[in-house]
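# Topology and contacts: notes
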Amino acid sequence: MDRKEISVGGQAVIEGVMMKGPEALATAVRRPTGEIVYKTTKLKPSMNFLTKIPFIRGGTILFETLIMGTKELSFSANEAGEEEEKLGDKELMMTVVVALALGVGLFMVLPSILSSFMFKDNRMNSNIFEGILRILFFLVYIKAISFSKEIKRVFEYHGAEHKCIYAFENDEELVKESAVKYTTLHPRCGTSFLLIVMLISIIVFSSLDFIIPQPDNMWIKVGLKAVLRIVFLPLVAGLAYEFQKYSSKHLDNPMYKMIAVPGLSLQKITTKEPDLEQLEVSMVALRIALGMEVENATEVFE
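Quick caveat, the model's predicted, so the values are computed rather than measured. (Residues numbered from 1 in each chain as written. Predicted model: local features only at pLDDT ≥ 70, side-chain atom pairs only at ≥ 80, totals over all residues. Heavy atoms only, no water.)

## Section: the pattern of salt bridges
Counted under the stated rule, the structure contains 14 salt bridges. The residue Glu 242 makes a salt bridge to Arg 57 at a minimum N-O spacing of 2.6 Å. Placement of Glu 242 in helix H8 (residues 233-247) and of Arg 57 in helix H1 (residues 57-79) is noted, with a sequence separation of 185 residues between them. The pair formed by Glu 242 and Arg 57 is uniform in burial state, with each residue classed as buried. Among the salt bridges present, the one from Arg 153 reaches Glu 156, with a minimum N-O distance of 3.6 Å. With Arg 153 and Glu 156 both in helix H4 (residues 149-169) and 3 residues apart, the pair spans about one turn of that helix. Here Arg 153 falls in the partly exposed class, since its relative accessible area comes to 30%. One connected set of salt bridges, linked through shared partners, spans Glu 130, Arg 134, Asp 209, Lys 225 and Arg 229. (Salt bridge = Lys/Arg side-chain N within 4 Å of Asp/Glu carboxyl O. Helix = DSSP H or I, 4+ residues; strand = E, 2+ residues; numbered from the N terminus. Buried < 20%, exposed > 50% of the residue type's maximum accessible area, 1.4 Å probe, protein only.)

In structure tokens:
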């Protein structure tokens, strides 16, 4: 099959990279001993019909990816020697729910509440300020965690993931040396996706506030806005998913290229230049996800 017909994606984990191919998910991790180990998960066709409906599938895929990513993150922490016990299904689901609740609360609900009290009688100013706060909170959060030594290592593996995907997309031989020359910034990155979500949310939530009648009671109004942010978040994610998917394939168009600039610029924080050892781990994950053999890694089973 032509590589242009194959879509691969990934995620940085602790001391490693997760890669998703057409038929398999692979996570490769470097142990403290220097040994590279990997785990393979065969992918089954999704039985969730929502993943096939445009403008709705984005939110569904995002939730499935969050579950998958959390599980692989637990595996990597265990192999990297930073976690003594593996997460069970209940603990895994609880971790995902808590992470989702904190994310929605901090980046969606809190800006809405603050802006509502700041501009009680001006819906337009309230929504503009809400959007500014949402993006500001996101940027501050990303910048704050970037100072952590552990997170910096994750960002380096994030850069390795992007470089290896570029090597694949450009028909290079899938070895670590082939990925060195490529940039760490990729238009289909999750960081760019989250920024697109923030921007689209301004349009969607502003429209909702003008369409749906606003209660006179301030507390009811704030509660209604918070509920609407949560209920319509899957739609926002769906719109962002379709936009990113389309625009990433049309970067030769000056307009889409310009729109991609903010997300790519933000990746200068969330990706760092990896070394050859990190590229090696990432390339192992990519090769395994594509059903290729590797000689420098050992498979482990859970």
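Once you've had a look at it, read on.
## A short note on the packing of aromatic side chains
According to the stated counting rule, one finds 7 aromatic pairs in the structure shown. Ring geometry for Phe 107 and Phe 138: centres 6.0 Å apart, planes at 85°, overall edge-to-face. With Phe 107 in helix H2 (residues 89-118) and Phe 138 in helix H3 (residues 123-145), this pair connects stretches of sequence that are 31 residues apart. Judged by its relative accessible area of 12%, Phe 107 is buried. By relative accessible area, Phe 138 is classed as buried at 3%. Taking the centre distance of 5.6 Å and the plane angle of 70° together, the rings of Phe 119 and Phe 129 count as edge-to-face. (Phe/Tyr/Trp six-rings, centres within 6.5 Å; stacked < 30°, edge-to-face > 60°.)

## Quick word on helix H9 (residues 254-270)
Between the first and last C-alpha of H9 there are 25 Å, a value that for 17 residues agrees with the 24 Å anticipated at 1.5 Å per step. Bending of H9 peaks at approximately 35° at the position of Val 261, with proline Pro 262 no more than four residues after it. Among the residues of H9, those classed as buried are Tyr 256, Ala 260, Gly 263, Leu 266, Gln 267 and Thr 270. Lining the buried residues of H9 we find H3, H4, helix H6 (190-211) and H8. The N-cap of H9, judged by a side-chain oxygen 2.8 Å from the amide nitrogen of Met 255 a few residues on, is Asn 253. (Expected span 1.5 Å × (residues − 1). Bend = angle between axes of the 7 residues up to and from the residue. Contact = heavy atoms within 4.5 Å. Polar contact = N/O pair within 3.5 Å; in protein donor to acceptor, adjacent residues only side chain to side chain.)

## Side note on the environment of Val 140
Within the element layout of this structure, Val 140 appears in helix H3. According to the relative accessible area criterion, Val 140 is partly exposed, its value standing at 48%. In the structure, Val 140 is positioned 81 residues away from Gly 59 in sequence and 24 Å away in space, judged by C-alpha atoms.

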